[in-house]
Amino acid sequence: MLQALLTNRTKRHRTGEFLVQGVRPLSMAIRFGWEIRALVYDADRSLSSWAHDVLRTARSAQQIAMSGELLAELSEKGDGSAELLGVVAMRPDDLDRIPVEPDLLAVVFDRPTQPGNVGSIIRSADAFGAHGVITTGHAADAYDPKSVRASTGSFFATPVVRAGSPRDVGAWIEGRRTAGVPVTVVATDERGDDVASGFDLTQPVLLLIGNETTGLSNAWRELADVTVSIPMAGSASSLNAANAASVMLYEAHRQRLSRRTA
């Protein structure tokens, strides 16, 4: 079962559980109140004070001693087994987990193919004060260990929600607008109507980031209120999706910080 949580997306979502390893990710999961259902530890070595603290803190979790050899098979470390693995309960794919804030800043990643890119965008969203990340379409799994690892723990601090289609997110946007938050949907494209630094990102904004290969779908382009570009120099015509998201999130953060300190 533990191996299935590591490698099998269908079984992860059927059980509603995923594997977490590493000091910071596990610590962040506990800090932000995620349900720890089981903790697996190495029975063949002395545990660190951090591991003992985790085991004491998550007393309600099932505690499983496992041989170092078996634990190594579940670990993503290249130099042996992880000290501690957590089996953590997923949270619901409910767009209302993203709070309705007057300064809403959220990101949609359209049909991502690489879980590492999902995790990198979550990390940037957390770093630059975004309120949530949404993935849409047939996409990489945000609960994939590669995504969780790439987020370096930010996965547990920032709401991450999977939506079936742009239509579902469009209905959520209209709900936010009805609630008094005038969300502007901003798509990124190399042929934008404006440059990112010239557009007001201090207003409530939903940033759209396209698929790594094909960019944004037509459905998302139709939902966008405006399209902005990131000015480029050199021979590159575009950025990696995670890098583009980081630039846009930084620019939004920079504008908002400048406005607060003006």
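Just so you know, these numbers come straight off a predicted model, no measurement behind them.

A.B. asks: Honestly, the sheet that holds strand S6 (residues 132-136) in this entry has me stumped. Any pointers?
C.D. replies: The pairing of strands in a sheet happens through backbone hydrogen bonds and is either parallel or antiparallel. Taken in spatial order, the seven strands of this open sheet run S7-S6-S5-S10-S8-S11-S9, and their pairing is parallel. Strands with a single pairing partner mark the edges of an open sheet, and in this sheet they are strand S7 (160-163) and strand S9 (194-195). Direction of pairing for strand S8 (residues 184-188) relative to strand S10 (residues 205-209): parallel, over a ladder of four bridges. The residue bridging alanine 187 from the neighbouring strand is leucine 208, located in S10.

A.B. asks: Would you mind showing me how to read the nonpolar core here?
C.D. replies: Generally speaking, nonpolar side chains in soluble globular proteins are found buried as a group. In terms of nonpolar packing, the biggest core is built from 51 residues, with Phe18, Leu39, Phe155 and Phe156 touching the most fellow members. When residues of this core are assigned to their parent elements, the largest contribution, seven residues, is made by helix H10 (residues 241-261). With near-sequence residues (within four places) excluded, phenylalanine 156 lies in contact with Phe18, Val20, Pro25, Met28, Ala29, Phe32, Trp34 and Val148. Leu104, Ile134, Val181 and Leu208 belong to the second largest nonpolar core, which has 20 residues in total.

A.B. asks: So what exactly am I meant to see when it comes to the packing of aromatic side chains here?
C.D. replies: Each aromatic ring pair is specified by the distance between its two centres and by the angle formed by the two planes. Inspection of the entire model under this criterion finds nine aromatic pairs. Their ring planes at 80° and their centres at 6.1 Å tell us that phenylalanine 18 and tryptophan 34 sit as a pair that is edge-to-face. On the criterion of sequence distance, the pair formed by phenylalanine 18 in strand S1 (residues 17-21) and tryptophan 34 in the loop between helix H3 (23-31) and strand S2 (36-42) is long-range, its members being 16 residues apart. Centre to centre, the rings of phenylalanine 128 and tyrosine 250 are 5.7 Å apart; their planes meet at 75°, and the pair counts as edge-to-face. A residue pair is termed long-range when its members are at least 10 positions apart, and phenylalanine 128 in the loop between helix H6 (115-127) and S6 and tyrosine 250 in helix H10 qualify at 122 residues. According to the relative accessible area criterion, phenylalanine 128 is partly exposed, its value standing at 22%. One aromatic cluster is present, formed by Phe18, Trp34, Tyr143, Phe155 and Phe156 through successive ring pairs.

A.B. asks: Help me out: how do you make sense of the pairing of strand S11 (residues 226-229) in this one?
C.D. replies: By the alternation rule, side chains of S11 split into Val226 and Val228 and Thr227 and Ser229, which are all buried. Relative to S11, S8 runs parallel, the two being bridged by three bridges. Opposite alanine 187, over in S11, you have threonine 227 as the bridge partner. Note that S9 and S11 share two bridges and pair parallel. What sits directly across from valine 195, in S11, is serine 229.

A.B. asks: Just checking my understanding: could you explain empty space enclosed by the protein for this structure?
C.D. replies: Rolled over the atoms, a probe as big as a water molecule pinpoints where empty space is left. This model, assessed by the stated rule, comprises one cavity of 30 Å³ or more. Estimated volume of the largest cavity: approximately 70 Å³. Looking at the lining of the largest cavity element by element, the count peaks at three residues for S7. Taken together, the residues of the lining of the largest cavity break down into five nonpolar, two polar and four charged.

So, how was this worked out
- Once a new chain begins, its residue numbering starts again from 1 and follows that chain's sequence as written.
- Totals for whole chains, interfaces and linings use every residue, but because this is a predicted model, local features are given only for residues with pLDDT of at least 70 and side-chain atom pairs only at 80 or more, for both listing and counting.
- As a rule here, side-chain values come from all non-hydrogen atoms in the structure, and water together with hydrogens is ignored.
- Any two strands with at least two DSSP bridges between them are considered paired.
- Put simply, DSSP marks the helices as runs of H or I at least four residues long and the strands as runs of E at least two long, and each gets a number from the N terminus on.
- We define a nonpolar core as any set of buried Ala, Val, Leu, Ile, Met, Phe, Trp, Tyr and Cys residues linked to one another through side-chain atoms lying within 4.5 Å.
- Accessible area is worked out with a 1.4 Å probe on protein chains only. A residue is then buried under 20% of its type maximum, exposed over 50%, and partly exposed in between.
- When checking whether two residues touch, look at their non-hydrogen atoms; a contact exists if any pair is within 4.5 Å.
- Between the rings of Phe, Tyr and Trp (Trp by its six-membered ring), a pair exists once the centres lie within 6.5 Å; its type follows the angle of the planes, with under 30 degrees stacked, over 60 edge-to-face, and the other angles tilted.
- As defined here, a cavity is a set of points on a 1 Å grid over the protein atoms alone where a 1.4 Å probe fits but cannot get out. A pocket is an open set with protein on both sides within 12 Å along at least five of seven lines, and residues line them when an atom is within 4 Å of a point.
- Grid points are joined across faces, edges and corners, and a volume is the space filled by probe spheres set on the points.
- Note on residue categories: nonpolar means Ala, Val, Leu, Ile, Met, Phe, Trp, Tyr, Cys or Pro, charged means Asp, Glu, Lys or Arg, and polar means any other residue, Gly included.

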